[in-house]
Amino acid sequence: MRSICFYFQVHQPYRLRTYRFFDIGDKHNYLDDHSNNMILRRVAEKCYLPMNQVLLDLIQKYGASFKVSFSISGTALDQFEAYNPEIIESFKKLADTGNVEFLTETYAHSLASLKSKAEFTRQVQMHSEKIENLFGQKPVTFRNTELIYSDEIGSMVSEMGYKLMLTEGAKHILGWRSPNYLYNSGTNPELKLLLKNFRLSDDIAFRFSQQSWKDWPLTSEKFGTWLSNIAPDEQVVNLFMDYETFGEHQWAETGIFDFMRSLPEHVFSLTNFSFATPKELGDSLQPVSPIDVPTPISWADEERDLTAWLGNDMQDEAFDKLYELEEKVNACNNEQISKDWQYLQTSDHFYYMCTKWFSDGDVHSYFNPYGTPYDAFINYMNVLSDFIIRVENCSKSVKDDFTGFKDAVSNIADKVENVARKTAKATSKKAKTTFEKGKKVKFEDIKDMSDSAVKKLVKEIKIEELSATLRDAEKELVDKVIPNLSKSAKKKYYEIEKEVKKVKKSDIKRFKKDIEDRLKDFWR
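Residues numbered from 1 in each chain as written. Predicted model: local features only at pLDDT ≥ 70, side-chain atom pairs only at ≥ 80, totals over all residues. Heavy atoms only, no water.

Trainee: Would you mind showing me how to read the pattern of salt bridges here?
Mentor: Close approach of charged atoms lets side chains of opposite charge pair. Taken as a whole, this structure holds 28 salt bridges when the rule is applied. For Lys502, the salt bridge identified is with Glu499, shortest N-O distance 3.8 Å. (Salt bridge = Lys/Arg side-chain N within 4 Å of Asp/Glu carboxyl O.)

Trainee: Please explain the packing of helix H2 (residues 74-83) against helix H3 (residues 85-96) as it appears in this structure.
Mentor: Angle between the axes and distance between the axes are the two parameters that describe a pair of packed helices. Where H2 contacts H3, the axes come no closer than 5 Å and their chain directions differ by 120°. The angle between H2 and H3 places the two elements in the oblique class. Each of Leu77, Phe80, Glu81 and Tyr83 in H2 lies in contact with H3, whose residues at this interface are Pro85, Ile87, Ile88 and Phe91. A per-class count over the contact of H2 with H3 returns seven nonpolar, no polar and one charged. (Axes fitted to C-alpha atoms, helices over the stretch in contact; angles between N-to-C directions. Helix = DSSP H or I, 4+ residues; strand = E, 2+ residues; numbered from the N terminus. Parallel < 35°, antiparallel > 145°, perpendicular 65-115°, else oblique. Contact = heavy atoms within 4.5 Å. Nonpolar A, V, L, I, M, F, W, Y, C, P; charged D, E, K, R; others polar.)

Trainee: Sorry, what's going on with the confidence of the model for the chain here?
Mentor: Atomic detail in the predicted coordinates should be set aside for any region of low pLDDT. The pLDDT averaged across the chain works out to 89; a share of 88% of its residues lies at or above 70. Note on residues 358-362: pLDDT under 50 across the span, and 14 contacts to partners over four residues away in sequence or across chains. Per-residue pLDDT stays below 50 along residues 398-403; that stretch engages in six contacts with residues further than four places along the chain or on separate chains. (pLDDT = per-residue confidence, 0-100.)

Trainee: Could you clarify how one ought to interpret helix H7 (residues 198-205) in this entry?
Mentor: Owing to its 3.6 residues per turn, the α-helix brings residues three or four apart onto one side. By the criterion of burial, H7 is predominantly enclosed, with six of the eight residues buried. For H7, the full list of buried residues reads Leu200, Ser201, Asp202, Asp203, Ile204 and Ala205. Buried positions along H7 lie against strand S7 (192-196), helix H8 (220-228), strand S8 (236-242) and helix H9 (256-270). (Buried < 20%, exposed > 50% of the residue type's maximum accessible area, 1.4 Å probe, protein only.)

Trainee: I keep staring at the sheet that holds strand S10 (residues 290-291) and nothing clicks. Help me out?
Mentor: In sheet architecture, strand pairing relies on hydrogen bonds along the backbone and comes in two forms, parallel and antiparallel. Spatially, five strands are ordered S4-S5-S7-S6-S10 in an open sheet, and the strand pairing comes out mixed. Of all strands in the sheet, those bounded by a partner on one side alone are strand S4 (141-143) and S10. In this sheet, S10 lies alongside strand S6 (residues 182-185) in parallel orientation, the contact comprising two bridges. Pairing of Ser185 across the sheet is with Ile291, part of S10. (Pairing = 2+ DSSP bridges.)

Trainee: Where do I start with the packing of H7 against H8 in this structure?
Mentor: Remark: H7 packs on H8, axes separated minimally by 12 Å, with the N-to-C direction vectors making an angle of 180°. Overall, the two elements H7 and H8 adopt an arrangement that is roughly antiparallel. Where H7 abuts H8, its residues Leu200, Asp203 and Ile204 lie against Phe223, Trp226 and Leu227. Residue classes in the contact of H7 with H8 are distributed as five nonpolar, no polar and one charged.

Trainee: Can you help me understand the pairing of strand S5 (residues 164-168) in this one?
Mentor: The side chains of a regular strand alternate between both faces of the sheet. Burial of S5 is extensive: five of the five residues sit out of reach of the surface. Relative to S5, S4 runs parallel, the two being bridged by three bridges. Across the sheet, the residue bridging to Thr141 is Leu164, located in S5. For the crossover that starts at S4, traverses helix H5 (residues 151-159) and ends in the parallel S5, the hand is right-handed. Relative to S7, S5 runs parallel, the two sharing five bridges. Within S7, the position partnered with Glu168 by the bridge is Lys196. (Right-handed = clockwise from strand over helix to strand, strands pointing away.)

Trainee: Honestly, unusual backbone geometry in this entry has me stumped. Any pointers?
Mentor: With glycine set apart, most residues show a phi of negative sign, and most peptide bonds adopt trans. The step from Trp216 to Pro217 runs through a cis peptide bond, and the omega angle for that step is -5°. Looking at the secondary structure, you find Pro217 in the loop between H7 and H8. The residue His109 is not glycine, and still its phi comes out positive at about 55°. Secondary-structure assignment places His109 in the loop between strand S3 (100-102) and helix H4 (117-135).

Trainee: So what exactly am I meant to see when it comes to the environment of Asp507 here?
Mentor: By the element assignment, Asp507 lies in helix H24 (residues 505-523). Note: C-alpha distance between Asp507 and Glu465 (42 residues apart in sequence) is 8.9 Å.

Trainee: How should empty space enclosed by the protein be read in this particular structure?
Mentor: Inspection of the entire model under this criterion finds one cavity of 30 Å³ or more. Estimated volume of the largest cavity: approximately 40 Å³. If you go around the largest cavity, the residues you meet are Tyr14, Leu16, Tyr30, Leu31, Asp340, Tyr343, Leu344 and His349. Ranked by residues supplied to the lining of the largest cavity, first place goes to helix H14 (residues 335-344) with three residues. In the lining of the largest cavity, the residues fall into six nonpolar, one polar and one charged. (1 Å grid on protein atoms, 1.4 Å probe; cavity = no way out; pocket = protein on both sides within 12 Å on 5 of 7 lines; lining within 4 Å. Points joined across faces, edges and corners; volume = space filled by probe spheres on them.)

Trainee: Hey, could you run me through the packing of aromatic side chains in this one?
Mentor: For any two aromatic rings, the description comes down to two numbers: the centre-to-centre distance and the angle of the planes. For the coordinates displayed, the defined rule picks out 34 aromatic pairs. Ring centres of Tyr19 and Tyr30 lie 5.7 Å apart, and the angle between their planes is 75°; on these two criteria the pair is classed as edge-to-face. One end of the pair, Tyr19, is in the loop between strand S1 (2-10) and helix H1 (33-62); the other, Tyr30, is in the loop between S1 and H1, and eleven residues separate them in sequence. Of the two residues, Tyr19 and Tyr30, neither departs from the other in class, the shared state being buried. Cation over ring: Arg143 sits above Trp299, and NZ or CZ is 5.5 Å from the ring centre. The ring of Trp213 has Arg207 sitting right over it, with the charged end atom 6.0 Å from the ring centre. (Phe/Tyr/Trp six-rings, centres within 6.5 Å; stacked < 30°, edge-to-face > 60°. Lys NZ or Arg CZ within 6 Å of the ring centre and 35° of its normal.)

Trainee: It is not clear to me how the nonpolar core should be interpreted in this structure. Could you clarify?
Mentor: One broad trend across soluble globular proteins is that nonpolar side chains are buried collectively. Of all hydrophobic cores here, the largest spans 60 residues; its most connected members are Phe70, Phe80, Phe91 and Tyr243. The contact partners of Phe91, leaving out residues within four places of it in the chain, are Val10, Asn52, Phe70, Ile72, Phe80, Phe102, Phe135 and Tyr243. The next biggest cluster of nonpolar side chains, apart from the first, holds 58 residues, and it includes Val157, Leu306, Phe319 and Ile389. (Core = buried A, V, L, I, M, F, W, Y, C linked by side-chain atoms within 4.5 Å.)

Trainee: Mind showing me how you'd approach the side chain of His109 here?
Mentor: Owing to a relative accessible area of 1%, His109 belongs among the buried residues under this scheme. Only 3.1 Å separates the side chain of His109 from the side chain of Glu105, close enough to count as a polar contact. The contact partners of His109, leaving out residues within four places of it in the chain, are Gln9, His11, Ser73, Gln123, Arg143, Thr145, Glu146, Gln345, Thr346, Ser347 and Asp348. (Polar contact = N/O pair within 3.5 Å; in protein donor to acceptor, adjacent residues only side chain to side chain.)

Trainee: Is there a simple way to explain the side chain of Glu146 in this structure?
Mentor: Structurally, Glu146 can be placed in the loop between S4 and H5. For the buried Glu146, no salt bridge is present, and the opposite-charge side chain at shortest range is Arg143, 5.5 Å distant. Reaching out from Glu146, the side chain makes a polar contact with the side chain of His109 at a distance of 2.9 Å. A polar atom in the side chain of Glu146 sits 2.7 Å from the side chain of Trp299. Beyond its immediate chain neighbours, meaning those up to four positions away, Glu146 contacts His109, Ser298, Trp299, Trp309 and Ser347. (Lys, Arg positive; Asp, Glu negative; His and termini not counted.)

Okay, structure coming up:
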């Protein structure tokens, strides 16, 4: 019997409040409690509570035949306890069934594995203890933040005693091989690896409601048919995704909950697949071959690398400056400083500084509190500047009057401005180079933009002009634009469909040029 392994990542960061330069040295409360509370309650209502109930109903219906696994970040657990304990209780009900495995990760959903072995190990241990205390399970399977993995990280995970780890089935690593097998680390053969089937996972997580997708709408019966067509010797299909897929990324109106409710029925009737947890697969399967990953991979973006978090000078500067403090933070032995240090490590802070807007814009805009990556960088560095003052004072390395820090903070502020300006210039230059090489932006290029970028663009265009311009456009372009219109714009589009046929070609040409001009400004 072959297996489907469902793994859901549950994470919410502690978002930072707007922290200005003049707050440095005066205000030490960094978190936006109002936004964190509001967002957590919204996601709980739309995703966590209803989806937990769907899974509980499925387990009660199918018994041991249906199983799933979770990793819940420490920052999410802390917010559950602070803002909505009902979420914890709903996960405990799932844990009590015996059909759900809870994995361990870094407590702060951090990138510590890339910088500090000691901090990485500390956070993993802290998270493992939290999971065991809450759900009565001692985690035996590890997943790193954003499925980040490399040979070096695998060695650290193996040293901590873990025998199984999850990561991405990246094409550039697997080559001709399929992700639908159990593998092991090329440098630590005892560490087994389950690899995400990114195509089938992303069909659910990203493409489910995308009406321009050739396979839309996705039904559980269709998905079951795809599974039945997988080569019979392939052992396991790993469906790894953010839990917020259900109800938040894909709203209830898309039918995502109904899809999950009916999926097991079609899996059992159309295929020879069952459902299993990562631990069960690690215990029952043997690796087919080792894989070598000299450079870290992740499950993020098209590149499956680290550039979502560490892809520009702003991110690198913030990341390096943060981890320079590790030794002094530990020397402080101060509970509040340690907690702030931990929350400042959350990968989302660096993600918000990402300048990869267009190919992956939908993902990078999810609950992003900042208008631009530069705003994210400046706000974070202001917070970090104050944190440095507190750490230095705590470790007794400065005088009480903070004389040395005024200059230090001023230097950081100057560097922040220089790095932001340098990154902005580099980004602008990259875009300009693209256009100057003869890649002149055309109206038809809209079909290659992300959905979120299209949504922002069409908001700036009169629906009458857009409708006229789409009159003779290719189907792929129309299918890209229409789903991204607002409800009112979409209604208007269909209402004036007949009138659009009367628009002169000369007017359409003019509308098209106006849109292309907007498009150039928008991308620049």
